[in-house]
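Read off the chains here:
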Amino acid sequence: PGSKGSPCVFYCSDVNDSSINTAQFEDSMLCETDAVISQLKFYFEQWPRRWKNTTLKDVCIISSNRSQLNQIKRKLRAPLNQVTLLPSYVIQGHEFQAVIISTLELIDEDGLSCNPTKSLLTPRIFNTTLSRSKSLVVAVGNPFSLLRAEEKMGHPERC
């Protein structure tokens, strides 16, 4: 989006830390789901006039976690339930007017993603995810958790 002159927004959710156990992760997913849906509602209500022919199917919510996508799908109500929901690892080849990215990741104690082939902490997947938007990228999450994960991996400059 940056190369196309499109805005990128980071919305800070109330999720504590990404290096949490599985039970805490379920609670964090609920919090993150609510934050993603609130951002979808906000931008849907603020739809730019130049997007007048854009449908909600032209908006994609992306997460590296299928469980979270399922949770979002269950909580979405009409007309917002028409948005596209895709995991980050199958996003290549798709293009949308706008994408909302949930950055919540389950991180091992060593700072690595529990699922590195699907993780948004993998530069290739993250860059591909960002480039799927024609006009707007909204990332939702805790930027400090992302920074800590990158520091543990030895790459704080990526954040």
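Notes on the structure in this doc start here. What you see is a predicted model; the values in this text were computed from it and never measured.

Turning next to the pattern of salt bridges. One pass over the structure, following the stated rule, counts one salt bridge. Between D34 and K75 there is a salt bridge, and its shortest N-O distance comes to 2.5 Å. With D34 in helix 1 (residues 22–45) and K75 in helix 2 (residues 66–75), the pair connects residues that are 41 residues apart, well separated along the chain. Judged by its relative accessible area of 35%, K75 is partly exposed.

Attention now goes to the packing of aromatic side chains. The tally for this structure, following the rule as stated, stands at one aromatic pair. Between the aromatic rings of F42 and Y43, the centroid separation amounts to 4.9 Å while the plane-to-plane angle is 90 degrees, which identifies the pairing as edge-to-face. For F42, a relative accessible area of 41% corresponds to the partly exposed category. Overall, the relative accessible area of 18% leaves Y43 in the buried class.

Counting buried positions along strand 4 (residues 96–102) yields seven of seven residues, so the element is predominantly enclosed. As judged from the four bridges shared by strand 2 (residues 59–63) and strand 4, these two strands associate in the parallel manner. For V59, the partnering residue across the bridge sits in strand 4 and is A98. Across six bridges, the pairing between strand 4 and strand 5 (residues 133–141) is parallel. Residue pairing for strand 5: F96 is matched across the bridge by S133.

Right, let's get into the nonpolar core. In this structure, L40, I61, L76, V83 and I100 are the most contacted members of the largest nonpolar core, which totals 19 residues. Sorting the residues of this core by element identifies helix 1, strand 2, helix 2, strand 4 and strand 5 as the ones contributing at least two each. At five residues, the largest contribution of residues to this core is made by helix 1. Counting 11 residues, the second largest nonpolar core, distinct from the first, contains I62, L86, I91 and I101.

Reading the values: the criteria
- Residues numbered from 1 in each chain as written.
- Predicted model: local features only at pLDDT ≥ 70, side-chain atom pairs only at ≥ 80, totals over all residues.
- Heavy atoms only, no water.
- Salt bridge = Lys/Arg side-chain N within 4 Å of Asp/Glu carboxyl O.
- Helix = DSSP H or I, 4+ residues; strand = E, 2+ residues; numbered from the N terminus.
- Buried < 20%, exposed > 50% of the residue type's maximum accessible area, 1.4 Å probe, protein only.
- Phe/Tyr/Trp six-rings, centres within 6.5 Å; stacked < 30°, edge-to-face > 60°.
- Pairing = 2+ DSSP bridges.
- Core = buried A, V, L, I, M, F, W, Y, C linked by side-chain atoms within 4.5 Å.

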